[in-house]
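This is what each chain is made of:
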Amino acid sequence: MAGKGANGKQLSGAYRGGKAVQLARLLYTESVRLLDLYKQRESFPQTAISGEHLVSVPCPTPHLPTGEKVWLVHAALRQCQGLLDRAIVLEDTELGLPGNKDNNEYLSQRKVVKERLGHLLQSTKSLLVDGVGTAAVVTGQERAEEPDGGLFAMKVWIYRIIQDVVYWTNMASETLPSVPMQAVNETRKMARNRRKGKRTARR
(Lines give C-alpha, C1' and ligand atoms only; values in the text may rest on other atoms or scores of the structure.)
Protein backbone atom coordinates (compact mmCIF):
# COMPACT_ATOMS: atom_id res chain seq x y z
CA MET A 1 0.00 0.00 0.00
CA ALA A 2 1.24 3.45 -0.83
CA GLY A 3 2.43 5.51 2.09
CA LYS A 4 0.79 8.73 3.19
CA GLY A 5 2.01 11.91 4.78
CA ALA A 6 3.20 15.24 3.51
CA ASN A 7 3.55 13.74 0.03
CA GLY A 8 0.68 11.28 0.39
CA LYS A 9 -0.92 12.14 -2.96
CA GLN A 10 2.35 11.79 -4.84
CA LEU A 11 3.05 8.40 -3.27
CA SER A 12 -0.44 7.25 -4.20
CA GLY A 13 0.14 8.39 -7.77
CA ALA A 14 3.48 6.57 -7.89
CA TYR A 15 1.80 3.39 -6.68
CA ARG A 16 -0.91 3.62 -9.35
CA GLY A 17 1.64 4.39 -12.06
CA GLY A 18 3.86 1.47 -11.04
CA LYS A 19 0.89 -0.90 -11.06
CA ALA A 20 -0.10 0.23 -14.55
CA VAL A 21 3.44 -0.35 -15.84
CA GLN A 22 3.58 -3.86 -14.40
CA LEU A 23 0.18 -4.75 -15.86
CA ALA A 24 1.10 -3.36 -19.27
CA ARG A 25 4.30 -5.40 -19.46
CA LEU A 26 2.55 -8.57 -18.33
CA LEU A 27 -0.37 -8.05 -20.69
CA TYR A 28 1.96 -7.45 -23.63
CA THR A 29 3.62 -10.82 -23.00
CA GLU A 30 0.24 -12.54 -22.65
CA SER A 31 -1.06 -10.87 -25.83
CA VAL A 32 1.96 -12.02 -27.84
CA ARG A 33 1.27 -15.55 -26.63
CA LEU A 34 -2.39 -15.27 -27.65
CA LEU A 35 -1.40 -14.12 -31.14
CA ASP A 36 1.06 -17.00 -31.48
CA LEU A 37 -1.64 -19.50 -30.49
CA TYR A 38 -4.03 -17.95 -32.99
CA LYS A 39 -1.46 -18.18 -35.78
CA GLN A 40 -0.84 -21.83 -34.96
CA ARG A 41 -4.53 -22.67 -34.85
CA GLU A 42 -5.41 -20.93 -38.12
CA SER A 43 -2.08 -21.65 -39.89
CA PHE A 44 -1.29 -17.97 -40.42
CA PRO A 45 2.29 -16.96 -41.33
CA GLN A 46 4.54 -15.67 -38.58
CA THR A 47 4.92 -12.29 -40.27
CA ALA A 48 2.46 -9.56 -39.33
CA ILE A 49 -0.54 -8.80 -41.52
CA SER A 50 -0.09 -5.38 -43.08
CA GLY A 51 -2.79 -2.74 -43.26
CA GLU A 52 -4.28 0.11 -41.28
CA HIS A 53 -4.80 -0.41 -37.56
CA LEU A 54 -8.37 -1.08 -36.51
CA VAL A 55 -7.83 1.12 -33.47
CA SER A 56 -8.26 4.71 -34.64
CA VAL A 57 -6.37 6.47 -31.80
CA PRO A 58 -3.14 8.14 -32.97
CA CYS A 59 0.12 6.98 -31.43
CA PRO A 60 1.62 9.14 -28.69
CA THR A 61 4.55 11.19 -29.95
CA PRO A 62 7.54 12.34 -27.88
CA HIS A 63 6.60 16.04 -28.00
CA LEU A 64 3.16 15.50 -26.43
CA PRO A 65 2.54 16.45 -22.78
CA THR A 66 2.79 13.45 -20.49
CA GLY A 67 -0.89 13.62 -19.57
CA GLU A 68 -1.90 13.50 -23.23
CA LYS A 69 0.21 10.36 -23.72
CA VAL A 70 -1.62 8.59 -20.91
CA TRP A 71 -4.91 9.81 -22.35
CA LEU A 72 -4.15 8.35 -25.80
CA VAL A 73 -2.96 5.01 -24.40
CA HIS A 74 -6.09 4.65 -22.30
CA ALA A 75 -8.35 5.55 -25.23
CA ALA A 76 -6.62 3.01 -27.48
CA LEU A 77 -6.90 0.28 -24.86
CA ARG A 78 -10.61 1.02 -24.57
CA GLN A 79 -11.00 0.44 -28.28
CA CYS A 80 -8.91 -2.74 -28.03
CA GLN A 81 -11.29 -4.00 -25.36
CA GLY A 82 -14.34 -3.33 -27.53
CA LEU A 83 -12.75 -5.04 -30.52
CA LEU A 84 -11.65 -8.05 -28.50
CA ASP A 85 -15.15 -8.48 -27.08
CA ARG A 86 -16.56 -8.50 -30.62
CA ALA A 87 -13.93 -11.02 -31.75
CA ILE A 88 -14.81 -13.31 -28.85
CA VAL A 89 -18.49 -13.24 -29.79
CA LEU A 90 -17.66 -14.13 -33.39
CA GLU A 91 -15.31 -16.93 -32.41
CA ASP A 92 -17.82 -18.44 -30.01
CA THR A 93 -20.91 -18.11 -32.21
CA GLU A 94 -19.55 -18.46 -35.75
CA LEU A 95 -16.54 -20.71 -35.20
CA GLY A 96 -17.86 -22.72 -32.25
CA LEU A 97 -14.57 -22.66 -30.34
CA PRO A 98 -15.85 -23.52 -26.83
CA GLY A 99 -17.06 -26.94 -28.00
CA ASN A 100 -13.65 -28.03 -29.32
CA LYS A 101 -11.18 -29.41 -26.77
CA ASP A 102 -8.27 -28.66 -29.11
CA ASN A 103 -8.89 -24.97 -28.44
CA ASN A 104 -8.64 -25.15 -24.64
CA GLU A 105 -5.18 -23.52 -24.44
CA TYR A 106 -6.21 -20.72 -26.78
CA LEU A 107 -9.48 -20.10 -24.92
CA SER A 108 -7.67 -20.03 -21.59
CA GLN A 109 -5.14 -17.53 -22.93
CA ARG A 110 -7.90 -15.43 -24.46
CA LYS A 111 -9.62 -15.24 -21.08
CA VAL A 112 -6.39 -14.14 -19.40
CA VAL A 113 -5.85 -11.36 -21.95
CA LYS A 114 -9.45 -10.16 -21.69
CA GLU A 115 -9.33 -9.99 -17.88
CA ARG A 116 -5.92 -8.32 -17.68
CA LEU A 117 -6.89 -5.80 -20.33
CA GLY A 118 -9.80 -4.81 -18.08
CA HIS A 119 -7.41 -4.45 -15.14
CA LEU A 120 -5.00 -2.32 -17.16
CA LEU A 121 -7.85 -0.06 -18.24
CA GLN A 122 -8.79 0.49 -14.61
CA SER A 123 -5.18 1.30 -13.75
CA THR A 124 -4.74 3.81 -16.57
CA LYS A 125 -8.13 5.32 -15.80
CA SER A 126 -6.98 5.99 -12.24
CA LEU A 127 -4.28 8.24 -13.71
CA LEU A 128 -6.96 10.24 -15.51
CA VAL A 129 -9.41 10.66 -12.66
CA ASP A 130 -10.11 14.23 -11.67
CA GLY A 131 -10.41 15.63 -8.16
CA VAL A 132 -14.04 14.51 -7.65
CA GLY A 133 -13.54 10.97 -8.86
CA THR A 134 -14.82 11.32 -12.41
CA ALA A 135 -12.83 10.48 -15.54
CA ALA A 136 -13.68 12.40 -18.68
CA VAL A 137 -12.26 10.01 -21.29
CA VAL A 138 -13.09 10.40 -24.97
CA THR A 139 -12.17 7.27 -26.92
CA GLY A 140 -13.48 7.81 -30.45
CA GLN A 141 -14.57 4.99 -32.71
CA GLU A 142 -12.44 2.11 -33.95
CA ARG A 143 -12.23 1.37 -37.67
CA ALA A 144 -13.94 -1.95 -37.22
CA GLU A 145 -16.80 -2.90 -39.45
CA GLU A 146 -17.18 -6.64 -39.25
CA PRO A 147 -16.02 -8.33 -42.47
CA ASP A 148 -18.48 -9.50 -45.06
CA GLY A 149 -16.18 -11.73 -47.09
CA GLY A 150 -16.73 -15.18 -45.70
CA LEU A 151 -14.97 -17.29 -43.09
CA PHE A 152 -11.40 -16.43 -44.08
CA ALA A 153 -12.10 -12.69 -44.01
CA MET A 154 -13.51 -13.09 -40.49
CA LYS A 155 -10.40 -14.95 -39.34
CA VAL A 156 -8.14 -12.25 -40.80
CA TRP A 157 -10.20 -9.59 -39.02
CA ILE A 158 -9.84 -11.40 -35.70
CA TYR A 159 -6.10 -11.73 -36.36
CA ARG A 160 -5.85 -7.97 -36.89
CA ILE A 161 -7.72 -7.34 -33.64
CA ILE A 162 -5.29 -9.45 -31.63
CA GLN A 163 -2.42 -7.80 -33.51
CA ASP A 164 -3.73 -4.38 -32.42
CA VAL A 165 -3.97 -5.57 -28.82
CA VAL A 166 -0.31 -6.63 -29.02
CA TYR A 167 0.65 -3.29 -30.58
CA TRP A 168 -1.12 -1.14 -28.00
CA THR A 169 -0.12 -3.15 -24.94
CA ASN A 170 3.46 -2.80 -26.12
CA MET A 171 2.89 0.93 -26.61
CA ALA A 172 1.52 1.12 -23.06
CA SER A 173 4.50 -0.78 -21.63
CA GLU A 174 6.87 1.66 -23.39
CA THR A 175 4.93 4.86 -22.67
CA LEU A 176 3.84 4.50 -19.05
CA PRO A 177 7.32 4.08 -17.49
CA SER A 178 8.40 7.39 -19.04
CA VAL A 179 5.47 9.27 -17.53
CA PRO A 180 6.63 11.10 -14.38
CA MET A 181 4.26 11.05 -11.43
CA GLN A 182 3.44 14.73 -11.82
CA ALA A 183 1.51 13.61 -14.90
CA VAL A 184 -1.22 12.54 -12.48
CA ASN A 185 -1.85 16.18 -11.62
CA GLU A 186 -1.53 17.16 -15.28
CA THR A 187 -4.13 14.64 -16.43
CA ARG A 188 -6.53 15.67 -13.67
CA LYS A 189 -6.22 19.29 -14.80
CA MET A 190 -6.79 18.19 -18.41
CA ALA A 191 -9.92 16.27 -17.41
CA ARG A 192 -11.32 19.29 -15.56
CA ASN A 193 -10.61 21.61 -18.50
CA ARG A 194 -12.33 19.27 -20.95
CA ARG A 195 -15.34 18.92 -18.68
CA LYS A 196 -15.56 22.72 -18.36
CA GLY A 197 -15.35 23.00 -22.14
CA LYS A 198 -18.27 20.63 -22.57
CA ARG A 199 -20.38 22.60 -20.08
CA THR A 200 -19.57 25.84 -21.90
CA ALA A 201 -20.51 24.29 -25.25
CA ARG A 202 -23.89 23.20 -23.89
CA ARG A 203 -24.67 26.78 -22.90
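**Points about the overall build of the protein**
Then, in step 1: Along the backbone of the protein there are five helices and zero strands.
Then, in step 2: Traced from its N-terminal end to its C-terminal end, the protein shows the element sequence α-α-α-α-α.
Then, in step 3: Buried residues in the protein amount to 43% of all 203 residues.
Then, in step 4: In the protein, once contacts between residues fewer than 6 apart in sequence are set aside, the share between residues at least 24 apart is 83%.
Then, in step 5: Within the structure as shown, the protein displays about 11100 Å² of accessible surface, and the carbon and sulfur contribution to it stands at 51%.

**Some points on unusual backbone geometry**
Then, in step 1: Unusually for a residue other than glycine, Ser 43 sits at a positive phi of about 60°.
Then, in step 2: Looking at the element boundaries, Ser 43 is found in the loop between helix H1 (8-42) and helix H2 (66-93).

**Re the packing of H2 against helix H4 (residues 151-175)**
Then, in step 1: Across the interface, H2 lies against H4 with an axial gap of 9 Å and an inter-helix angle of 155°. Comparing the axis directions of H2 and H4 gives the class roughly antiparallel. Here the hand of the crossing between H2 and H4 comes out left-handed. Here Lys 69, Leu 72, Val 73, Ala 76, Leu 77, Cys 80, Leu 83, Leu 84, Arg 86, Ala 87, Leu 90 and Glu 91 of H2 lie close against H4, whose contacting residues are Met 154, Trp 157, Ile 158, Ile 161, Asp 164, Val 165, Trp 168, Thr 169, Ala 172 and Thr 175.
Then, in step 2: The class makeup of the residues in the contact of H2 with H4 is 16 nonpolar, two polar and four charged.

**Re H2**
Because the α-helix completes a turn every 3.6 residues, residues three or four places apart line up on one side.
Then, in step 1: Given a rise of 1.5 Å per residue, 28 residues ought to cover 40 Å, and the 41 Å separating the end C-alpha atoms of H2 matches this to within 8%.
Then, in step 2: Most of H2 sits inside the fold, with 20 of its 28 residues counted as buried.

**Brief notes about the nonpolar core**
Then, in step 1: Tyr 106, Ile 158 and Trp 168 are the most contacted members of the largest nonpolar core, which totals 48 residues.
Then, in step 2: Going through the elements one at a time, H1, H2, helix H3 (104-126) and H4 are the ones with two or more residues in this core.
Then, in step 3: With sequence-adjacent residues up to four places away left out, Tyr 106 is seen in contact with Leu 34, Leu 37, Tyr 38, Arg 41, Glu 91, Leu 97 and Ile 162.

Reading the values: the criteria
- Residues numbered from 1 in each chain as written.
- Predicted model: local features only at pLDDT ≥ 70, side-chain atom pairs only at ≥ 80, totals over all residues.
- Heavy atoms only, no water.
- Helix = DSSP H or I, 4+ residues; strand = E, 2+ residues; numbered from the N terminus.
- Buried < 20%, exposed > 50% of the residue type's maximum accessible area, 1.4 Å probe, protein only.
- Contact = heavy atoms within 4.5 Å.
- Areas by Shrake-Rupley, 256 points an atom, 1.4 Å probe, with all protein chains shown as cover.
- Axes fitted to C-alpha atoms, helices over the stretch in contact; angles between N-to-C directions.
- Parallel < 35°, antiparallel > 145°, perpendicular 65-115°, else oblique.
- Left-handed = near helix turned anticlockwise from the far one by under 90°.
- Nonpolar A, V, L, I, M, F, W, Y, C, P; charged D, E, K, R; others polar.
- Expected span 1.5 Å × (residues − 1).
- Core = buried A, V, L, I, M, F, W, Y, C linked by side-chain atoms within 4.5 Å.

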